[in-house]
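In case you want the letters, here they are:
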Amino acid sequence: MSIVEKIPESVRIIGKTYDIVLSPKASMPNEYGLCDSERQRIHVMVDASNATIIDTLLHECLHAIDFSIHLELTERQVHATASGLAALFLDNPDLVNLFKEAICGRVGKSGTRKGT
Ligand SMILES: [Zn+2]
């Protein structure tokens, strides 16, 4: 089962709202994602495995964080950190559940994508 319909319409990143734009492979044939920090949009190519989509979301969110606080991370650093976090979350669902429980009062407020 794809997780695409559970991807939120937007994410808050250090005080800014980034819209998440879902794109088929035909629209993004050469990349899995793109962070447009000027327009505050994160594009995700959704014709991919769940693990790849999660990795891409983390990757593009890291680019947004990098842009916001001027870390000046290299593409390699963003890639490695996103892949490391994705692996951490995918390999440790109990840890993810702990995070969800710790922020329980905030979970669900932004809702999920409608109509997809
Ligand atoms: Zn990148």
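Predicted model only: the values in this text are computed from it and were never measured. (Residues numbered from 1 in each chain as written. Predicted model: local features only at pLDDT ≥ 70, side-chain atom pairs only at ≥ 80, totals over all residues.)

## Points about the sheet that holds strand S2 (residues 16-23)
No. 1: Judged by pairing direction, the sheet is mixed, and its four strands sit side by side in the order S1-S2-S4-S3 without closing on themselves. At either margin of the open sheet sits one strand with a lone partner, and together these are strand S1 (10-13) and strand S3 (33-36). Between one strand axis and the next, the sheet turns by 20 degrees as a mean value, whatever way the strands run.
No. 2: Bridge analysis of S2 against strand S4 (residues 41-45) gives five bridges, and the strand direction is parallel. Looking at the pairing, Leu-22 lines up with Val-44 of S4. (Pairing = 2+ DSSP bridges. Helix = DSSP H or I, 4+ residues; strand = E, 2+ residues; numbered from the N terminus. Axes fitted to C-alpha atoms, helices over the stretch in contact; angles between N-to-C directions.)

## Quick look at helix H1 (residues 50-69)
No. 1: A rise of 1.5 Å per residue sets the reference length of H1, with its 20 residues, at 28 Å; its end C-alpha atoms lie 29 Å apart and thus fit the reference within 8%.
No. 2: Within H1 the residues assigned to the buried category are Ile-53, Ile-54, Asp-55, Thr-56, Leu-57, His-59, Glu-60, Cys-61, Leu-62, His-63 and Ala-64.
No. 3: Next to the buried residues of H1 lie S1, S2, S3, S4 and helix H2 (75-91). (Expected span 1.5 Å × (residues − 1). Buried ≥ 20, exposed ≤ 12 C-beta atoms within 10 Å, placed from the backbone. Contact = placed C-beta atoms within 7 Å.)

## Structural notes on the environment of Glu-38
No. 1: Positionally, Glu-38 belongs in the loop between S3 and S4.
No. 2: The exposed category is assigned to Glu-38, around which 7 C-beta atoms lie within 10 Å.
No. 3: Considering only alpha carbons, one finds Glu-38 and Phe-67, 29 residues apart in sequence, at a separation of 9.5 Å.

## Some thoughts on the pairing of S2
No. 1: In the sheet, S1 pairs with S2 via four bridges, with the strands oriented antiparallel. Within the sheet, the bridge partner assigned to Ser-10 lies in S2 and is Asp-19.
No. 2: Count of turn residues in the S1/S2 antiparallel hairpin: two residues, of which Ile-14 carries a positive phi of about 50 degrees.

This is a description of form; function is not addressed.
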